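Spelled out, the chains give:
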Amino acid sequence: MELYIHIPFCMRKCRYCDFLSGSYEIEIRKKYTEALINELLFYATKCADEKVDSVFIGGGTPTFLETELMKQILTVVSSRFNLSDNVEYSIECNPGTANQSAMDMYYEMGINRVSIGLQSANEDELQMLGRIHDLKAFLRTFEYARRAGFDNINVDIMTGLPKQTPMKLRNTLNTVTMLRPEHISAYDLIIEPGTQFYDLYNDELTKRQQGEKNLKSLPDEDMELELTRITENFLSSKGYIKYEVSNFARQGFSSRHNIGYWDRVPYIGVGIGAASLFNETRWSNDRDIYSYINRLNKPGSAVALCDDPKIATLKNRLRNEAPWEIDKDIIPESADIKHLSRKAAMEEFFFLGLRKVKGVRRSDFENYFDTTVDAIYGNVIRKLQIEDLLTEKMGVIALTERGMDISNLVFSEFLLD
Ligand code: SF4
């Protein structure tokens, strides 16, 4: 299984950001850490028999959390969970929020992969995005990570920015690849409601959706496609292999956590808003930090239970429960709980699996669902092949380059009534 830990703290909100994050007082950060540890302890008991193959600490800005608080979280992860010998253990980091001693501590505590959010190497773009850092801060952070011993580093960049030109994108790609990170994620900017960017660019977004060209700030569809091609070609020329719609890696460094997500490996998410998938049940934690803290820090919560001398009895009780019965103390009634139907699981198999460049295996579908792909999706797959959006070789179905460009449209074809 995989473990995701959400740290919702940031120094300030970026102008395009709709992630569950914000700037909170130190007292809230402390209480949140306590609540998070309670939730981790609960799942450590519940998942005592599960091997954890990957851990991802995301946010927010996990490296904005005080190192003492982070150390408590990392101690629980390493001492209470059954981590695989070759676990992939990642932390997200924003430039300017981790110094050398913090990086050293993460490394010593077992983290073996750092994901750094650069977004752009151009100072004007960083300011326009509302990032807290400049390029120098990124370069320092990268250096700290290497010096600490990290030999698996991801750098996040963004394409489709307002007024982004091919030259600016090439500058970002060039700056990043000169450092030789093992992995690069290149995400398209998505303008989400509730962000400053939405207020600024919503009108243009509507025009772009209506097919208008030569927009004032946002790249139109043709320019977006050009920026995507520049990214793919540039990274390919530097030895990065595209393995998913937005992800590129040097040989052997694809993110196992990401791949697990697209392969529908069971995962547990802790922290506000964190999503989980287990036994074909999906649920998400409450998104409100205050109710999350109140719920998990109340007496009798997991920490109190796990410190109980009768812990062995408790473990036995939990193991004997029907798997993944929803525990109302930990997963609130307000949580968004969805038991996936067989059809929904089949849809997910294709939505998520086809994001991978290598595609999905017919035999995996057939073994899991005990029916043939053709019985469910034969007509859809034939239609998409004729439209040059899907290809099939030796029982492996994958998106074509054209299919990648309009992947969301392709995925919608796999919806079952
Ligand atoms: S650093 Fe990341 S999570 Fe924090 S505000 Fe910026 S985009 Fe959002």
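Residues numbered from 1 in each chain as written. Predicted model: local features only at pLDDT ≥ 70, side-chain atom pairs only at ≥ 80, totals over all residues. Heavy atoms only, no water.

Re the overall build of the protein
At step 1: Assigned secondary structure in the protein consists of 17 helices and 15 strands.
At step 2: Over its C-alpha trace the protein gives a radius of gyration of 22 Å, about what one expects of a compact globule, namely 22 Å for 417 residues.
At step 3: If you line up the protein on its principal axes, its C-alpha atoms span 65 × 55 × 40 Å.
At step 4: Scored against the burial criterion, the 417 residues of the protein give a buried share of 53%.
At step 5: Within the structure as shown, the protein displays about 19300 Å² of accessible surface, and the carbon and sulfur contribution to it stands at 50%.
At step 6: Placing the 51 positive and 62 negative side-chain charges of the protein at their respective mean positions leaves the two points 2 Å apart. (Helix = DSSP H or I, 4+ residues; strand = E, 2+ residues; numbered from the N terminus. Rg over C-alpha atoms; globule rule 2.2 N^0.38 Å. Buried < 20%, exposed > 50% of the residue type's maximum accessible area, 1.4 Å probe, protein only. Areas by Shrake-Rupley, 256 points an atom, 1.4 Å probe, with all protein chains shown as cover. Lys, Arg positive; Asp, Glu negative; His and termini not counted. Charge placed at Lys NZ, Arg CZ, Asp CG, Glu CD.)

What to know about the site of the ligand
At step 1: Around the ligand lies a shell formed by Cys10, Arg12, Lys13, Cys14, Tyr16, Cys17, Phe19, Ser21, Gly60, Thr61, Asn94 and Arg131.
At step 2: Of the residues that constitute the shell around the ligand, the class distribution is five nonpolar, four polar and three charged. (Near = heavy atom within 4 Å. Nonpolar A, V, L, I, M, F, W, Y, C, P; charged D, E, K, R; others polar.)

Things to note about the domain arrangement of the protein
At step 1: Along its sequence, the protein is carved into domain 1 (2-262) and domain 2 (342-412).
At step 2: One C-alpha centre belongs to domain 1, the other to domain 2, and the line joining them spans 28 Å.
At step 3: At the interface, nine residues of domain 1 touch nine residues of domain 2.
At step 4: For the pair domain 1 and domain 2, the two sides together bury roughly 910 Å², of which 56% comes from carbon and sulfur.
At step 5: At the junction of domain 1 and domain 2, the tally comes to three salt bridges.
At step 6: The salt bridge partner of Glu244 is Arg355, with a shortest N-O separation of 2.6 Å.
At step 7: The tally of links from domain 1 across to domain 2 stands at four residue pairs in polar contact (both at pLDDT 80 or more).
At step 8: Of all the secondary-structure elements, those providing two or more residues to the side of domain 1 that touches domain 2 are helix 8 (221-237), strand 7 (241-244) and helix 9 (256-262).
At step 9: Take the side of domain 1 that touches domain 2: its biggest share by element is three residues, from strand 7. (Domains from an automatic or database assignment. Contact = heavy atoms within 4.5 Å. Buried area = accessible area lost by both parts, 1.4 Å probe. Salt bridge = Lys/Arg side-chain N within 4 Å of Asp/Glu carboxyl O. Polar contact = N/O pair within 3.5 Å; in protein donor to acceptor, adjacent residues only side chain to side chain.)

Here's the deal with helix 13 (residues 342-353)
Owing to its 3.6 residues per turn, the α-helix aligns residues three or four sequence positions apart on the same side.
At step 1: Its 12 residues give helix 13 an end-to-end C-alpha distance of 16 Å, which sits within 8% of 16 Å, the value for a rise of 1.5 Å per residue.
At step 2: Listing the buried residues of helix 13 in full gives Ala344, Ala345, Met346, Glu347, Glu348, Phe349, Phe350, Leu352 and Gly353. (Expected span 1.5 Å × (residues − 1).)

So, the sheet that holds strand 15 (residues 396-399)
Strand pairing in a sheet is mediated by backbone hydrogen bonds. Such pairs are either parallel or antiparallel.
At step 1: In space, the three strands of this open sheet follow the order 13-15-14, with antiparallel pairing throughout. Looking at strand neighbours, the two that pair on one side only are strand 13 (360-361) and strand 14 (390-393), the edges of this open sheet.
At step 2: Direction of pairing for strand 14 relative to strand 15: antiparallel, over a ladder of four bridges. Considered in strand 15, the bridge of Leu390 is made with Leu399.
At step 3: Sheet strands touched by helix 15 (residues 373-386): strand 14 and strand 15. Its angle to strand 14, the strand with the most contacts, is close to 120°. (Pairing = 2+ DSSP bridges. Axes fitted to C-alpha atoms, helices over the stretch in contact; angles between N-to-C directions.)

With respect to the packing of helix 2 (residues 67-80) against helix 3 (residues 100-108)
At step 1: Close contact between helix 2 and helix 3 brings their axes to 11 Å; oriented N to C, the two are set at 5°. Relative to helix 3, the element helix 2 is oriented roughly parallel. Residues Thr67, Met70, Lys71 and Leu74 of helix 2 touch helix 3, and the partners they reach there are Ala102, Met105 and Tyr106.
At step 2: Classifying every residue of the contact of helix 2 with helix 3 by side-chain character gives five nonpolar, one polar and one charged. (Parallel < 35°, antiparallel > 145°, perpendicular 65-115°, else oblique.)

Describing the environment of Ser412
At step 1: Following the sequence through the fold, Ser412 ends up in helix 17 (residues 407-412).
At step 2: On a C-alpha basis, the gap between Ser412 and Glu347 in space is 9.1 Å, while along the polypeptide they are 65 residues apart.

Here we look at the pattern of salt bridges
At step 1: One pass over the full model with this rule turns up 22 salt bridges.
At step 2: When salt bridges that share partners are traced, they join Arg229, Glu232, Lys242, Glu401 and Asp405 into one network.

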